[in-house]
Amino acid sequence: MTTLDCDVVVVGAGPAGLLLAGELRLGGAAVVVLERRTEPGTESRASTLHARTMEILDSRGLLDALGELPNDVRGHFGGIPLDLTLPTPYPGQWKIPQTGTEAALREWALSLGAELRTGHEVTGVHTGPDGVTAQAVADGRTVGVRARYLVACDGEDSTVRRLTGAAFPGDAARRELVRADVAGIDIPARRFQRLPRGLAVAARNAQGVTRVMAHEFGSAAGERTGAPVFAEIRDLWQRLTGEDIGHGRPLWVNTFADAARQVAQYRDGRVLFAGDAAHQQMPIGGQALNLGLQDAANLGWKLALQVAGRAPDGLLDSYHTERHAVGSRALGNIRAQAMLLMGGPEVEPVRAVVAELVREEPVRAHLAAMICGLDIRYDTGPGDHPLLGHRLAHGQRGHGSRGLLLPHPGAPGPAETWRHALAPWSDRVDLVPGGGAGTAVPEPGAAVLVRPDGHVVWAGPEGGGQDDGAGLRTALRRWFGEPEAPDGPYALTDAPARTPARTESPAPAAGAPSPTPSQERDAGMSRFTGKTALVTGSSRGIGRAIALRLAREGALVAVHSSRGGEAADDVVTSIEKDGGRAFAVRAELGVPGDADALFLDLEQGLKERTGTTDLDILVNNAGIMGGGVAADATTPEQFDRLFAVNAKAPFFLIQRALGNLTDGGRVVNITSGLTHFANPEEIAYAMTKGAVEQLALHFAKYLAPRGITINSVAPGITRNDNPVFGIPEAVEQMAALSAFGRVGEPRDVADVVAFLASEDARWITGAFLDATGGTLLG
Ligand code: NAP
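Keep in mind that this is a model prediction, so the values were computed, not measured. (Residues numbered from 1 in each chain as written. Predicted model: local features only at pLDDT ≥ 70, side-chain atom pairs only at ≥ 80, totals over all residues. Heavy atoms only, no water.)

### A closer look at the overall build of the protein chain
Moving on, step 1. On a plain count of helices and strands, the protein chain comes out with 21 helices and 32 strands.
Moving on, step 2. Burial analysis of the protein chain (778 residues in total) assigns 56% to the buried set.
Moving on, step 3. Here the contacts in the protein chain between residues at least 6 apart in sequence split such that 74% fall between residues at least 24 apart.
Moving on, step 4. For the protein chain, the accessible surface area stands at approximately 31300 Å², while carbon and sulfur atoms represent 54% of it. (Helix = DSSP H or I, 4+ residues; strand = E, 2+ residues; numbered from the N terminus. Buried < 20%, exposed > 50% of the residue type's maximum accessible area, 1.4 Å probe, protein only. Contact = heavy atoms within 4.5 Å. Areas by Shrake-Rupley, 256 points an atom, 1.4 Å probe, with all protein chains shown as cover.)

### Details of the site of the ligand
Moving on, step 1. Residues in contact with the ligand amount to 29 residues; listed here are only the nearest, S539, I542, N621, Y685 and N720.
Moving on, step 2. Contact distances for the ligand include 2.8 Å between an oxygen atom and a side-chain N or O atom of S562.
Moving on, step 3. Elements with a minimum of two residues in the shell around the ligand: helix 15 (541–552), strand 27 (556–561), helix 18 (636–657) and helix 19 (683–703).
Moving on, step 4. Looking at the shell around the ligand residue by residue, the classes come out as 10 nonpolar, 14 polar and five charged. (Near = heavy atom within 4 Å. Polar contact = N/O pair within 3.5 Å; in protein donor to acceptor, adjacent residues only side chain to side chain. Nonpolar A, V, L, I, M, F, W, Y, C, P; charged D, E, K, R; others polar.)

### A look at the sheet that holds strand 22 (residues 403–407)
Moving on, step 1. Spatially, four strands are ordered 23-22-24-25 in an open sheet, and the strand pairing comes out mixed. Looking at the sheet topology across the chains shown, the edges are occupied by strand 23 (429–431) and strand 25 (456–460). Adjacent strand axes in the sheet meet at a mean angle of 15°, parallel and antiparallel pairs treated alike.
Moving on, step 2. In the sheet, strand 22 pairs with strand 24 (residues 447–450) via four bridges, with the strands oriented antiparallel. Looking at strand 24, one finds that L405 is bridged to L449. (Pairing = 2+ DSSP bridges. Axes fitted to C-alpha atoms, helices over the stretch in contact; angles between N-to-C directions.)

### Notes on the side chain of H320
Moving on, step 1. Looking at where H320 falls in the secondary structure, it is placed in helix 8 (residues 317–342).
Moving on, step 2. Excluding anything up to four places from it in sequence, H320 contacts A264, Q265, Y266, R267 and A325.

### As for a nonpolar patch on the surface
Moving on, step 1. On the surface, a cluster of nonpolar side chains totalling about 220 Å² of accessible area is made up of F677, I717 and L737.
Moving on, step 2. Relative to the helices and strands, I717 is located in the loop between strand 31 (709–715) and helix 20 (728–735). (Patch = residues over 30% accessible without salt bridge, like charges linked within 9 Å, V, L, I, M, F, W, Y side chains within 5 Å. Salt bridge = Lys/Arg side-chain N within 4 Å of Asp/Glu carboxyl O.)

### Some thoughts on the environment of V263
Moving on, step 1. Considering the arrangement of structural elements, one finds V263 in the loop between strand 18 (260–262) and strand 19 (267–268).
Moving on, step 2. In contact with V263, other than residues within four places in its own chain, are R161, A166, A167, F168, P169, F273, A277, A278 and H324.

### Here's the deal with the sheet that holds strand 15 (residues 198–204)
Note on sheets: strands pair through backbone hydrogen bonds, and any given pair is parallel or antiparallel.
Moving on, step 1. The strand order across the open sheet formed by five strands is 14-15-16-13-17, and the pairing between neighbours is antiparallel. Across the chains shown, the open sheet's two edge strands, defined by having one partner strand only, are strand 14 (190–194) and strand 17 (249–257). On average, adjacent strands in this sheet sit at an angle of 15° to one another, irrespective of strand direction.
Moving on, step 2. Here strand 13 (residues 176–183) pairs with strand 17 via eight bridges, running antiparallel. If you follow L177 over to strand 17, its bridge partner there is F256.
Moving on, step 3. Running at roughly 70° to strand 14, helix 8 makes contact with strand 13, strand 14, strand 15 and strand 16 (209–216) of the sheet.

### Description of the nonpolar core
Moving on, step 1. Ranked by internal contacts, the top residues of the largest apolar core, which has 66 residues, are L24, L49, L150, V151 and L303.
Moving on, step 2. Once residues lying within four places of it in the same chain are set aside, the contact partners of L303 are V8, L24, Y149, V151, L272 and L316.
Moving on, step 3. With 33 residues, the next largest nonpolar core counts A533, L550, L756 and A771 among its residues. (Core = buried A, V, L, I, M, F, W, Y, C linked by side-chain atoms within 4.5 Å.)

### A short note on unusual backbone geometry
A negative phi angle characterises most non-glycine residues, just as the trans form characterises most peptide bonds.
Moving on, step 1. Within the chain, D139 stands out as a residue other than glycine whose phi angle is a positive 50°.
Moving on, step 2. Within the fold, D139 resides in the loop between strand 10 (132–138) and strand 11 (141–152).
Moving on, step 3. With relative accessibility at 81%, the residue D139 sits in the exposed group.
Moving on, step 4. In this structure, F192 is a non-glycine residue whose phi angle is positive, near 45°.
Moving on, step 5. Take F192: it is sitting in strand 14.

### Side note on the confidence of the model for the protein chain
Moving on, step 1. The predicted model of the protein chain has a mean per-residue pLDDT of 86, with 88% of residues at 70 or higher.
Moving on, step 2. Averaged pLDDT values for the elements of the protein chain fall to 30 in helix 13 (residues 488–492) and rise to 98 in strand 20 (residues 271–273).
Moving on, step 3. Counting contacts from residues 463–467, a segment whose pLDDT is below 50, to residues more than four positions away or on other chains yields eight contacts.
Moving on, step 4. Every residue in residues 485–525 is under pLDDT 50, and counting partners more than four places away or in other chains gives 81 contacts. (pLDDT = per-residue confidence, 0-100.)

### As for the pattern of salt bridges
Moving on, step 1. Per the stated rule, a full pass over the model turns up 40 salt bridges.
Moving on, step 2. Between E115 and R117 there is a salt bridge whose closest N-O contact spans 2.6 Å.
Moving on, step 3. You can call R117 partly exposed: its relative accessible area is 22%.
Moving on, step 4. A salt bridge links R609 to E608; its shortest N-O distance comes to 3.7 Å.
Moving on, step 5. Look at R609 and you get partly exposed, because its relative accessible area is 28%.
Moving on, step 6. Taking relative accessible area as the criterion, E608 reaches 44% and is therefore assigned partly exposed.
Moving on, step 7. Each of E35, R37, E102 and R106 takes part in a single network of salt bridges with overlapping partners.

### Looking at the pairing of strand 5 (residues 74–77)
Moving on, step 1. Here strand 5 pairs with strand 6 (residues 80–83) via four bridges, running antiparallel. Within strand 6, the position partnered with G75 by the bridge is L82.
Moving on, step 2. Between strand 5 and strand 6, which follow one another and run antiparallel, lie two residues, and G78 among them has a positive phi close to 60°.

### Focus on the packing of aromatic side chains
Moving on, step 1. Per the stated rule, a full pass over the model turns up seven aromatic pairs.
Moving on, step 2. Ring centres 5.8 Å apart and planes at 50° place the aromatic pair Y266 and Y319 in the tilted group. You can see Y266 sitting in the loop between strand 18 and strand 19 and its partner Y319 sitting in helix 8, a full 53 residues away along the chain. Neither residue differs from the other here; Y266 and Y319 are each classed as buried.
Moving on, step 3. Taking the centre distance of 5.9 Å and the plane angle of 75° together, the rings of F699 and Y702 count as edge-to-face. (Phe/Tyr/Trp six-rings, centres within 6.5 Å; stacked < 30°, edge-to-face > 60°.)

### Comments concerning the pairing of strand 29 (residues 615–620)
Moving on, step 1. Counting buried positions along strand 29 yields six of six residues, so the element is predominantly enclosed.
Moving on, step 2. In this structure, strand 26 (residues 532–535) lies alongside strand 29, joined through three bridges in parallel fashion. Note that in strand 29 the partner of V535 across the bridge is V619.
Moving on, step 3. With five bridges joining them, strand 29 and strand 30 (residues 661–670) adopt parallel strand pairing. Counterpart to V619 in the pairing with strand 30 is V668.

### Details of the packing of helix 1 (residues 15–26) against helix 4 (residues 98–111)
The geometry of a pair of packed helices is captured by two quantities: the angle between their axes and the separation between those axes.
Moving on, step 1. One can describe the packing of helix 1 onto helix 4 by two numbers: an axis separation of 9 Å at closest approach and a directional angle of 20°. Taken as axis vectors, helix 1 and helix 4 run roughly parallel relative to one another. Considering how the two elements wind past one another, helix 1 and helix 4 form a crossing that is left-handed. For the pair helix 1 and helix 4, contact is made by P15, L18, L19, A21, G22, E23 and L26 and by Q98, E102, L105, R106, W108 and A109, respectively.
Moving on, step 2. Partitioning the contact of helix 1 with helix 4 into residue classes produces eight nonpolar, two polar and three charged. (Parallel < 35°, antiparallel > 145°, perpendicular 65-115°, else oblique. Left-handed = near helix turned anticlockwise from the far one by under 90°.)

### Digging into the environment of G460
Moving on, step 1. Positionally, G460 belongs in strand 25.
Moving on, step 2. Note on G460: relative accessible area 3%, which makes it buried.
Moving on, step 3. Measuring from C-alpha to C-alpha, the distance between G460 and L449 comes to 8.9 Å, with 11 residues separating the pair along the chain.

### Considerations on the packing of helix 18 against helix 19
Moving on, step 1. Following both chains from N to C, one finds helix 18 and helix 19 inclined at 15°, their axes separated by 8 Å at the closest point. Classified by the angle between their axes, helix 18 and helix 19 sit roughly parallel to one another. Here helix 18 and helix 19 pass one another in a crossing that is right-handed. Facing F639, L642, F643, N646, A647, P650, F651 and I654 of helix 18, the residues of helix 19 in contact are A684, Y685, M687, T688, K689, A691, V692, L695 and F699.
Moving on, step 2. Among the residues making up the contact of helix 18 with helix 19, the classes are represented as 14 nonpolar, two polar and one charged.

Take a look at the structure:
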């Protein structure tokens, strides 16, 4: 048996499984998704996204990938018209065939590095003390995937549920609706029309396919062994409506019934259940799909923290507590709707009363919030703040699986005070200064702490130096685990009682330039005073040296990193200690919505400090290496990820920066000597850098009318945090590649970038600058 290892194996690549896989990747967990089908499904299936799901997808930057969706605030409760208008950016129902939702989620999860194995039919689940093995049959072979946790997202007829014998109590189906998607018919639209003999629904979509659904009053859910045949719904439709749809072409025929069951335990040790595998319900109004996607959003970040060894006690179990309760309530409202919808003439009096009630605004809003998932409130801890436990539609896009602390824009005290309070958790939680803007964060001075799934776990006026910040720390511990270091001093004072800032790059070898900051200032080097700069990936390595260098010469520098930790803050502190100005911005690059997420943060930081969002210097430095993978071993997923981070992100950052860049501005892209120096183990990486070099060539003409230059700087082997630089023999070998007989220091490259960013380089654009210390001389 072949054994593969990962943190989490997800069974089922439907919407819930794919969203979960992406969420886990955002949290850093290694994920393998096993899917029985060899090709994505083609049935339209569930086609409604509700407001809460839209908010979640928006927070992950996923809406663009779904395209323009038809939207309708007209919904129903058991077939009784119900206006779904609510205070959310996405009121109402949003229509998209499930195939579209799945395609967008699949691409997103894969781009984040999830591994999808199609054609894998799970045949066994074996749990042990240290892990769980999913046994699957693929191409006639049995394979095993060993993981620390397994999540069943394999739908209503969950194989994992059957294999593990998970208890699945509830009520059996009593009534069913027969449903078909039919092409080539033209019949009148019917919205939950109650006819004398039964219920009829007909809706034609933009592609000309009509979905018909029918139920004959008094009929019981049959004992079925497979999908119904089209003749059945044709005859039923004729009986109910008198219309003949027999000449149509059925694309998909099935039934759905009103069974209502839930697994007793959403978490059973190392096995968890999400989506329809966890709950079976009638898919009235698309609630099933939305419930499943929201399960995934609740579980992903918790499980990622768990496998990273950082989850506080009970965090993973809170998935069961929270989502079982939500599921149970949803099943209740669905049962009530099924009764109203499919009950015979005897339910008419109840329908009449409900129809009267929904005209009362509080009733309408109550039912609408229930259906759209906006009324969910988790027990997130002590306190009586009205926001506690509720979701916050905070509009912070693309923040992935991290928590957010959102101070009200009017919060007193510098953002630094909040930053210090948060510092020990900065690898898990982001501070978004002024991020409470446009939210329901009520009073000036307050802030809210929001979980990665958008629910508020702390709200208060403390922090900002007003009290000891104990409540905030308790909430951070409860939801994000123990801090990296003792937290006492951070929370209380403005004094940066942090781990010592790292020094600049290691002592340069003989011959390397090493002016001190004060020498530089004494030499009158302040070429960038009054300028603003963004250096991507400047928490360490070459980017860090560039940020320090530009700041030393007067630039206000946005120090960017992917997801934080203290490194970016340390760079900011170093710059400030030296009398410079900087602030940190965080955004994962290489994921949908990355450029927007980064620029929203950047623009806020610039605005706070300069009053404008003007940017003078953009340095595209962030990048990832290919990891020395041989050409025949590079996977499509690795290839896509390299291109997403190294090539696609710089293009869209430049595109996004066009409105911010000042005339006479500068763009510098960091590429690599590997575009001119063969290395068969880094082909894909070198291809990304080759692509980046095209940016300078073509953008140069586009930007020249505004006096903006754009150039490529290609470093050779340059010291960074890679452990290889701690091995003297390796360093010696690498040094031999340079004509100067040493490896590059980050400062060597930073100086070249500073030159290109300066007025002195005004006559250079579209150029490739070899900063390899002569490595390319051969
Ligand atoms: P490094 O030490 O590995 O630092 C990489 C920086 O990029 C970090 O700040 C990191 O942020 C950020 N980053 C990585 N992936 C990111 C993502 N997906 N989203 C946002 N930020 C991300 O790199 P380096 O060695 O200084 O290299 C800098 C640039 O020079 C890269 O483009 C690299 O390809 C190029 N280069 C380096 C060498 C060399 O020998 N060092 C040679 C030729 C070219 P976090 O701290 O948040 O991870």
